[in-house]
Amino acid sequence: MYIAAHPDDENTRLIAYLANDQLYRTSYLSLTRGDGGQNLIGDEQGIELGLIRTQELLSARRIDGGEQFFTRAYDFGYSKSPEETFTKWKKDSVLADVVWIIRKLQPDVIITRFPTTGEGGHGHHTASAIIANEAFNAAADPTKFKEQLRFVKPWRTKRILWNTFNFGGNNTTSSSQFNINVGGYNTLLGKSYGEIAAKSRSQHRSQGFGSAATIGNSYEYFINTGGNAPTINLFDGVEVSWKRIGKRGEVFQRAINDIEKQYNIQTPQNSIPALVALYKLLEKGGNDYWVVKKKQEVLQLIADCSGLYIDAYTSQPFAVQTGNFVVTTLVNDRLGGNTVLKSITLDGKEDVFDKVLRQNDNFSVDKKITVPLSKELTQPYWLKEKREEAMYQVADQQLIGTPDVQPAYIASFKIQIDGQVFTFEKPVRYRAIDPVKGEVYQPLSVVPAATIAASPNLLVFNKTDNRTQSLQTELHAYTNIDASITAGLVGIDYSGTQSGQVHLAMEQMQRYSFKVSDMHPPDEVYSVTAFANQKLNNDATSYHLSLKNIQYDHIPIIRYFYQDYVTVLNIHLKTVGKMIGYIPGAGDKVPSVLERMGYDVVVLDQATLSTANLSGYDAIITGVRAYNTNEWMVANYDKLMNYVKEGGNLIVQYNTNSNIGTVKSKIGPYDFTITRNRITDEHAKVTLLNPSHKLFNFPNKITNADFEHWTQERSIYHAGSWDNHFEPLLSMADPGEKADEGSLITTQYGKGYFTYTGLVFFRELPAGVPGAMRLMANLIALNKE
Ligand SMILES: [Zn+2]
């Protein structure tokens, strides 16, 4: 079991080697789902990013042969020390989860990516090693987490090691450490482990970890941190043959040896009788962990050797509450192995067939399923309950650790092979034929008859005008709706409703428009939520959930439900200037917030930037990582500098200098570098270095109060070693660290202004932080009088 903190921390090459060369049951336990990172492929943040990275890890494991597990810990963003990490995670709960997963998986060896001593950098990294080493002992201790012992037994892992590393400019390996060569070639797969690893690692697309295949000898190094140290093999002292379960294991070993000897790659079906006999033998072998595990594997071998094809799919993407859908089940015994389909169970109902399957004959049955209102919506289990600070809440102990969403429906096939009845389970999936991609399978989701959403999600009122603003709610039908519906908005001090008869076909929408005016004291944030009540005959149904779809090509469709709301802000905000050009980078939600603040935003992309007349823009803002992701910034450098020189105002949000990518163009009129300095404490003290600077006085007065109520962090990827023309304007320090002045540097150039800032406007503006809005308004007004 490999243990670290985030999706991408794991050593895919080692996992590929252990799973495919050594044939160990290999798993990666990531304490978090990577919710707090930055997203390279879209604008999803927080839990949505965690959902994407969960699926990327599952994709990676399908390639490298490992299994995937998580704890309930939420990735709240960068932290500089394990102490800081443990102020947000409930350490005992995370430890309990790791102990639980160890007791369930019973690993012989645990490997941590990071040491407990801090060389891993990120506070989560060090925390993951601290917890892994504590869990190594606690899992074996029957007095620890006793409540788990209802389901699992204490487990003593043989040893725990730190897999030392050489990356990020930090080499912790040494030739004197225990090491193994993981660069071998697998003749059955026709690949080196470095090739498998590169493919696996390249699944982390949201992090931009596309990597090259490595071939040739390559070594992994280890320092033993618990249990006795290995000398020859990671599994020194661990019995990995059938001797492990004692004398009775010899019987199994003999049967397996015979099957291997008889096996013919051209006629695998000839091995079925012997495999069925082995299965029966294992059935009598008790509930030993390995007997149970190997029984499952033998079952899979029996299916594989008979070319058994089993599927359960529907042509509808949704199972709609109060609606129905058709499931097609299909069974084919392609190689012919004395097979009888006994029954298929779906939605709790068993249909008995007793049908002899002739070789390579399709047997297919359609079944209509009615979805009651009481059928649970398909929601990732870790999002069912409200998160408490940095811990997901999961009521069902058995779900803790499991990686994925529970399938909505499972079809259970009882199939008799060579006299023995086996049960095979298949999740019911949505199947579609895409004209471009071909046959596509996606998860099936249970949804309500309608969802309701509100937009925009942020309304900004400023005290200088008395506008009313409009808000839309949208009723989205997943089935035909013909009913009287009352749609509305409700929040503190506000409620509005509209009623009427609604006729909607599936996938159609009904829109309602509401007027909202400011009615709250300044700087007080409040929210309104949308709902719709439906009356049909005497049945009343209420819709109050929204459904989010996240779709990328490299992972299955992700869906989750949430209660949509609109944040209403009534703040002191003056803006000067109107037209903003926004050059998108990796993806962020800043442009829509700028519109809420009263600006007109024009997106400048590769095609429009090169031809646009920039003189009409009051300011041009580059989206996060625009200089990392857009090669074409190079070609527009002179144009942007001319714009500034002629009186423009260019505001560059953070870019990285990390492995994600180097900056591809010169950025400012004068030199500066981009460092990895960051201020991770959202409460960190901020000093205005030059309080009389225009940035802090026009058109809004900026004070320390504007740095209150920030979220997750303050700033990242600070400027460093800047040219004398630049003026740093903010100084900040994380607790116990020395202050850094690189979060915002600005300079005049010609008649205009250039600013580089690591301040996380991409988090603070969508979160509706008033001070961040005022500061952005002042940045935009720098070239104005
Ligand atoms: Zn990490």
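So, here's what we can say about the structure. (Residues numbered from 1 in each chain as written. Predicted model: local features only at pLDDT ≥ 70, side-chain atom pairs only at ≥ 80, totals over all residues. Heavy atoms only, no water.)

### Quick word on the overall build of the protein chain
Then, in step 1: Along the protein chain, the regular secondary structure elements total 15 helices and 44 strands.
Then, in step 2: In terms of overall dimensions, the protein chain is globule-like: its C-alpha atoms have a radius of gyration of 30 Å, near the 28 Å expected for 785 residues.
Then, in step 3: Across its three principal directions, the C-alpha atoms of the protein chain cover 90 × 75 × 55 Å.
Then, in step 4: When burial is assessed residue by residue, the protein chain has 55% of its 785 residues classed as buried.
Then, in step 5: Considering only contacts in the protein chain between residues 6 or more positions apart, those separated by 24 or more positions represent 72%.
Then, in step 6: About 33,600 Å² of surface is accessible on the protein chain, with carbon and sulfur atoms providing 49% of the total. (Helix = DSSP H or I, 4+ residues; strand = E, 2+ residues; numbered from the N terminus. Rg over C-alpha atoms; globule rule 2.2 N^0.38 Å. Buried < 20%, exposed > 50% of the residue type's maximum accessible area, 1.4 Å probe, protein only. Contact = heavy atoms within 4.5 Å. Areas by Shrake-Rupley, 256 points an atom, 1.4 Å probe, with all protein chains shown as cover.)

### Comments concerning the coordination of the zinc ion
Expected angles at a metal are 109.5 degrees for tetrahedral coordination by four donors and either 90 or 180 degrees for octahedral coordination by six donors.
Then, in step 1: The coordination sphere of the zinc ion, as far as protein atoms go, consists of His6 (ND1), Asp9 (OD) and His125 (NE2), spread over 2.1 Å.
Then, in step 2: Among the residues examined, His125 registers a relative accessible area of 11% and is labelled buried. (Donors = N, O, S within 2.8 Å, 3.2 Å for Na, K, Ca; no water.)

### A look at helix α1 (residues 12-20)
Turn by turn, an α-helix covers 3.6 residues, leaving residues three or four places apart pointing in a common direction.
Then, in step 1: Of all 9 residues in α1, 8 are buried; the element is thus mostly enclosed.
Then, in step 2: Turning to α1, its buried residues are Thr12, Leu14, Ile15, Ala16, Tyr17, Leu18, Ala19 and Asn20.

### Focus on helix α7 (residues 249-262)
Then, in step 1: For α7, spanning 14 residues, the distance from its first C-alpha to its last is 20 Å, which sits close to the expected 20 Å at 1.5 Å a residue.
Then, in step 2: Of the positions making up α7, those classed as buried are Gly249, Phe252, Ile256 and Ile259. Taken down its axis, α7 places every buried residue within 90° of arc, on the same side. Away from the buried face of α7 by more than 90 degrees, exposed residues Arg254, Lys261 and Gln262 are located.
Then, in step 3: Those residues of α7 hidden inside the fold are in contact with α8 (272-283) and α9 (289-305). (Expected span 1.5 Å × (residues − 1). Arc of directions from axis to C-beta.)

### As for the sheet that holds strand β17 (residues 363-370)
Then, in step 1: The 5 strands are arranged β17-β14-β12-β20-β21 in an open sheet whose pairing can be described as mixed. The strands lining the two open edges of the sheet, one partner per strand, are β17 and β21 (438-443). Pairwise comparison of adjacent strand axes, ignoring direction, gives a mean angle of 35° for this sheet.
Then, in step 2: Here strand β14 (residues 324-333) pairs with β17 via 8 bridges, running antiparallel. Among the inter-strand pairings, Phe325 is bridged to a residue of β17, identified as Ile369. (Pairing = 2+ DSSP bridges. Axes fitted to C-alpha atoms, helices over the stretch in contact; angles between N-to-C directions.)

### Notes on the packing of aromatic side chains
Then, in step 1: Overall, the coordinates contain 28 aromatic pairs when judged by the stated rule.
Then, in step 2: When the centroid spacing of 6.1 Å and the interplanar angle of 70° are considered together, the rings of Trp162 and Phe165 count as edge-to-face. The pair Trp162 / Phe165 is uniform in exposure class, with both members buried.
Then, in step 3: Judged by centre distance (5.1 Å) and plane angle (85°), the ring pair of Tyr381 and Trp382 falls under edge-to-face.
Then, in step 4: Taking the relative accessible area as the measure of exposure, Trp382 reaches 3% and is therefore buried.
Then, in step 5: The cationic tip of Lys91 hangs over the ring face of Phe86; the distance from NZ or CZ to the ring centre is 5.1 Å. (Phe/Tyr/Trp six-rings, centres within 6.5 Å; stacked < 30°, edge-to-face > 60°. Lys NZ or Arg CZ within 6 Å of the ring centre and 35° of its normal.)

### Overview of the packing of helix α4 (residues 91-105) against helix α5 (residues 123-138)
Then, in step 1: Contact geometry for α4 and α5: axes closest at 9 Å, N-to-C directions at 55°. Between α4 and α5, the interaxial angle falls into the category oblique. Handedness of the crossing formed by α4 with α5: right-handed. Taken together, the residues of α5 that come into contact with α4 (itself represented by Lys91, Val94, Leu95, Val98, Val99, Ile102 and Arg103) are Ile130, Ile131, Glu134, Ala135, Phe136 and Ala138. (Parallel < 35°, antiparallel > 145°, perpendicular 65-115°, else oblique. Left-handed = near helix turned anticlockwise from the far one by under 90°.)

### Brief notes about the environment of Ile256
Then, in step 1: Structurally, Ile256 can be placed in helix α7.
Then, in step 2: Take Ile256: its relative accessible area is 19%, and that puts it in the buried class.
Then, in step 3: Separated by 19 residues in sequence, Ile256 and Leu275 place their C-alpha atoms 8.5 Å apart.
Then, in step 4: Not counting the four nearest positions on each side in its chain, Ile256 is found in contact with Trp242 and Leu278.

### Concerning the environment of Ile410
Then, in step 1: When you line up the elements, Ile410 lands in strand β18 (residues 410-417).
Then, in step 2: The class for Ile410 is partly exposed, based on a relative accessible area of 38%.
Then, in step 3: For the pair Ile410 and Lys146, spaced 264 residues apart in the sequence, the C-alpha separation amounts to 33 Å.
Then, in step 4: Among residues more than four places away in sequence, those in contact with Ile410 are Thr345, Leu346, Glu425, Lys426, Pro427 and Val428.

### A short note on the nonpolar core
As a rule of thumb, soluble globular proteins bury nonpolar side chains together.
Then, in step 1: Counting residues in hydrophobic clusters, the biggest one holds 77 residues, and the most contacted among them are Leu594 and Tyr756.
Then, in step 2: The greatest single-element share of this core, amounting to 7 residues, is contributed by helix α15 (residues 770-780).
Then, in step 3: Beyond its immediate chain neighbours, meaning those up to four positions away, Tyr756 contacts Val652, Gln653, Tyr654, Asn655, Phe672, Ile674, Tyr717, His718, Ala719, Ser743, Leu744 and Ile745.
Then, in step 4: Phe69, Phe76, Leu105 and Tyr560 belong to the second largest nonpolar core, which has 46 residues in total. (Core = buried A, V, L, I, M, F, W, Y, C linked by side-chain atoms within 4.5 Å.)

### Quick look at the sheet that holds strand β16 (residues 349-357)
Then, in step 1: Spatially, the 4 strands line up as an open sheet ordered β16-β15-β18-β19, and their pairing is antiparallel. Pairing within the sheet leaves two strands with one partner each, and these edge strands are β16 and β19 (420-427). Pairwise comparison of adjacent strand axes, ignoring direction, gives a mean angle of 20° for this sheet.
Then, in step 2: The strands touched by α8 within the sheet are β18 and β19, with β19 carrying the most contacts at an inclination of about 90°.
Then, in step 3: α9 contacts β18 and β19 of the sheet and is inclined by roughly 90° relative to β19.

### Some details on the side chain of Asp740
Then, in step 1: Structurally, Asp740 can be placed in the loop between β42 (730-733) and β43 (744-749).
Then, in step 2: Among buried Asp, Glu, Lys and Arg side chains, Asp740 stands out as unpaired, with Lys738 the closest opposite charge at 7.0 Å.
Then, in step 3: What Asp740 contacts, discounting residues up to four positions off in sequence, is Asn677, His718, Leu730, Ser731 and Met732. (Lys, Arg positive; Asp, Glu negative; His and termini not counted. Salt bridge = Lys/Arg side-chain N within 4 Å of Asp/Glu carboxyl O.)

### Looking at the side chain of Thr675
Then, in step 1: As for its placement among the helices and strands, Thr675 is situated in the loop between β38 (673-674) and β39 (685-688).
Then, in step 2: A distance of 3.0 Å separates a polar side-chain atom of Thr675 from the backbone nitrogen of Asn677.
Then, in step 3: Residues in contact with Thr675, not counting those within four places in the same chain, are Asn657, Tyr717, His718, Ala719 and Gly720. (Polar contact = N/O pair within 3.5 Å; in protein donor to acceptor, adjacent residues only side chain to side chain.)

### What to know about the pattern of salt bridges
Then, in step 1: With the rule as written, the count across this model stands at 34 salt bridges.
Then, in step 2: Across the pair Lys548 and Glu48 runs a salt bridge whose closest N-O atoms are separated by 3.9 Å. Taken together, the residues Lys548 in strand β31 (residues 546-550) and Glu48 in helix α2 (residues 47-64) connect sequence positions 500 residues apart.
Then, in step 3: Residue Glu646 pairs with Lys751 through a salt bridge whose shortest N-O separation is 3.9 Å. Of this pair, Glu646 sits in the loop between α13 (637-645) and β37 (649-652) while Lys751 sits in the loop between β43 and β44 (752-757), placing them 105 residues apart in sequence.
Then, in step 4: Members of the salt-bridge network, linked through shared partners, are Glu10, Arg61 and Asp64.

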